[in-house]
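An overview of the molecular structure
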Amino acid sequence: MTETPADTLCDIPCELGESTLWDDVTGRLHWVDIDRALLFTLDWATRGVASIRLPATVGSVGLRSGGGLVAALRHALAFVADDGTVEVVAEVESDVPGNRCNDGAVDPGGRFWFGTMNETEATASGAFYCLREDLSVTKAFGGVVVSNGPAWSPDGRTLYHVDSARSRITAYEFDPATGAVGGGRLFASDEDEAWFPDGVTVDADGFVWNCKWDGGRIVRYSPDGRIDRVVELPVPRPTRCAFVGPELQLMAVTSARRGRGAAAPRSGHLLLLDPDATGLPAARFTGR
């Protein structure tokens, strides 16, 4: 276990913080509180924080090449402008009321990928989808209970996807030019642990960082799936980590206050630590 001090970057407590996202052009950091349908933005220079209440629960956000964000709302994909204007561009699983959109990210080719989950975590009714440049939504695969991730290797040829309820991270072959998802292999499993894998990110050297829900830690895996490092955190339910800052040498971590998280005073806070690694800039959605 690595002792890495974690500072509090923002102490506004989130019930279910998620989707840590650094914008290397504007110098702003975004994250969401899924349960309260809030989108937060922190200005790195001033440390000032602004928030926008969205029209539905929000599972994740991604950068857009034209400015603003693309967001996975409860049953829809939407563009969110800097002034808070929301434009719905596609519906998702509106006929499955027990599901909602969850984690997502933009791939190296400029497509926004996101997953859905069963809110009771009882059935594999979720799936993994892609919002393409023409705003069409295609399904890569189904049979998911709680979809988290995705993240990609530095060359864009490996896609990491998490099914948290099944305690596994799967590595898929991926074509960054077309967005085609190929065969998958088990990358890491927490089936024998008391915690569950949550959000992931990949550093510049191809190592995979995974937050452990109920584990109070982030685990760094080598590209072949071996545990390389364990970073202990002051919260039991970390949810998503991302490299942030002008040099992408710091890491911001969202966390959850709900359930077991309520026992820790800093649960729900946005944390900041020095991971002794460097990240990659977040890709941008290239659709309208």
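Cut-off values and rules
Residues numbered from 1 in each chain as written. Predicted model: local features only at pLDDT ≥ 70, side-chain atom pairs only at ≥ 80, totals over all residues. Heavy atoms only, no water. Helix = DSSP H or I, 4+ residues; strand = E, 2+ residues; numbered from the N terminus. Rg over C-alpha atoms; globule rule 2.2 N^0.38 Å. Buried < 20%, exposed > 50% of the residue type's maximum accessible area, 1.4 Å probe, protein only. Areas by Shrake-Rupley, 256 points an atom, 1.4 Å probe, with all protein chains shown as cover. Lys, Arg positive; Asp, Glu negative; His and termini not counted. Charge placed at Lys NZ, Arg CZ, Asp CG, Glu CD. Core = buried A, V, L, I, M, F, W, Y, C linked by side-chain atoms within 4.5 Å. Pairing = 2+ DSSP bridges. Axes fitted to C-alpha atoms, helices over the stretch in contact; angles between N-to-C directions. Polar contact = N/O pair within 3.5 Å; in protein donor to acceptor, adjacent residues only side chain to side chain. Contact = heavy atoms within 4.5 Å. Phe/Tyr/Trp six-rings, centres within 6.5 Å; stacked < 30°, edge-to-face > 60°. Lys NZ or Arg CZ within 6 Å of the ring centre and 35° of its normal.

Across its full length, the chain carries zero helices and 25 strands. Expected size for 288 residues packed as a compact globule is a radius of gyration near 19 Å; at 17 Å, the chain falls within 12% of this value. Principal-axis analysis of the C-alpha atoms places the extent of the chain at approximately 45 × 40 × 35 Å. Going through the 288 residues of the chain one by one, you find that 59% of them count as buried. For the chain, the accessible surface area stands at approximately 11,200 Å², while carbon and sulfur atoms represent 47% of it. Mean positive and mean negative side-chain charge positions of the chain (27 and 40 charges, respectively) differ by 2 Å.

Leu29, Trp31, Trp209, Ile218, Met251 and Val253 are the most contacted members of the largest nonpolar core, which totals 30 residues. Elements with a contribution of two residues or more to this core: strand 1 (6-10), strand 3 (28-33), strand 4 (38-43), strand 19 (208-213), strand 22 (238-244), strand 23 (250-255) and strand 24 (270-273). Broken down by element, this core gets its largest block of residues, four residues, from strand 24.

As summarised here, the arrangement of the four strands in space is 18-19-20-21, forming an open sheet in which the pairing is antiparallel. The sheet terminates laterally at strand 18 (196-202) and strand 21 (227-232), the two strands that pair on one side only. When the angles between neighbouring strand axes are averaged without regard to direction, this sheet yields 25°. Summarising the sheet, strand 19 and strand 20 (residues 217-221) pair through five bridges and their orientation is antiparallel. By the bridge assignment for strand 20, Val208 is matched with Tyr221.

Take Asp23: it is sitting in strand 2 (residues 17-23). A polar atom in the side chain of Asp23 sits 2.9 Å from the backbone nitrogen of Val25. Apart from the residues lying within four places of it in its own chain, the contact partners of Asp23 are Arg28, His30, Leu63 and Arg284.

This next bit is on the pairing of strand 23. With five of six residues buried, strand 23 is to be regarded as a mostly interior element. Here strand 22 pairs with strand 23 via six bridges, running antiparallel. Bridge pairing in strand 23 links Pro238 to Ser255. Once strand 22 ends, the chain turns through five residues before running back antiparallel as strand 23, passing Gly245 with a positive phi of about 95°. Of the strand pairs in this sheet, strand 23 and strand 24 are connected by three bridges, and their pairing is antiparallel. Counted as the bridge partner of Val253 is Leu271 from strand 24.

Pairing between the strands of a sheet is mediated by backbone hydrogen bonds and can be parallel or antiparallel. Ordered by their spatial adjacency, four strands build an open sheet running 14-15-16-17, and the pairing between neighbours is antiparallel. The open sheet terminates on both sides in strands that have one partner only, identified here as strand 14 (147-152) and strand 17 (180-189). Across the sheet, the mean angle from the axis of one strand to that of its neighbour is 25°, orientation sign disregarded. Of the strand pairs in this sheet, strand 15 (residues 158-163) and strand 16 (residues 168-175) are connected by six bridges, and their pairing is antiparallel. The residue of strand 16 that forms the bridge with Thr158 is Glu173.

Evaluation of the coordinates by the stated rule reveals 13 aromatic pairs. Geometrically, the ring pair formed by Trp22 and Trp44 is edge-to-face, given 5.2 Å between the ring centres and 75° between the ring planes. Of this pair, Trp22 sits in strand 2 while Trp44 sits in the loop between strand 4 and strand 5 (49-53); the two residues are 22 residues apart in sequence, bridging distant segments of the chain. Judged by relative accessible area, Trp22 falls into the buried class, the value being 6%. Pairing Phe79 with Phe285 gives two aromatic rings, centres 6.1 Å apart and planes at 50°, and the pair type is tilted. Highlighted residues: Phe79 in strand 8 (residues 76-80) and Phe285 in strand 25 (residues 284-285), separated in sequence by 206 residues. On the basis of relative accessibility, which here comes to 3%, the residue Phe79 falls in the buried class. Chaining the aromatic ring pairs together yields one cluster made of Trp113, Phe128, Phe141, Trp152, Tyr172 and Phe174. The lysine or arginine in question, Arg220, covers the ring of Phe207, its NZ or CZ lying 3.8 Å from the ring centre.

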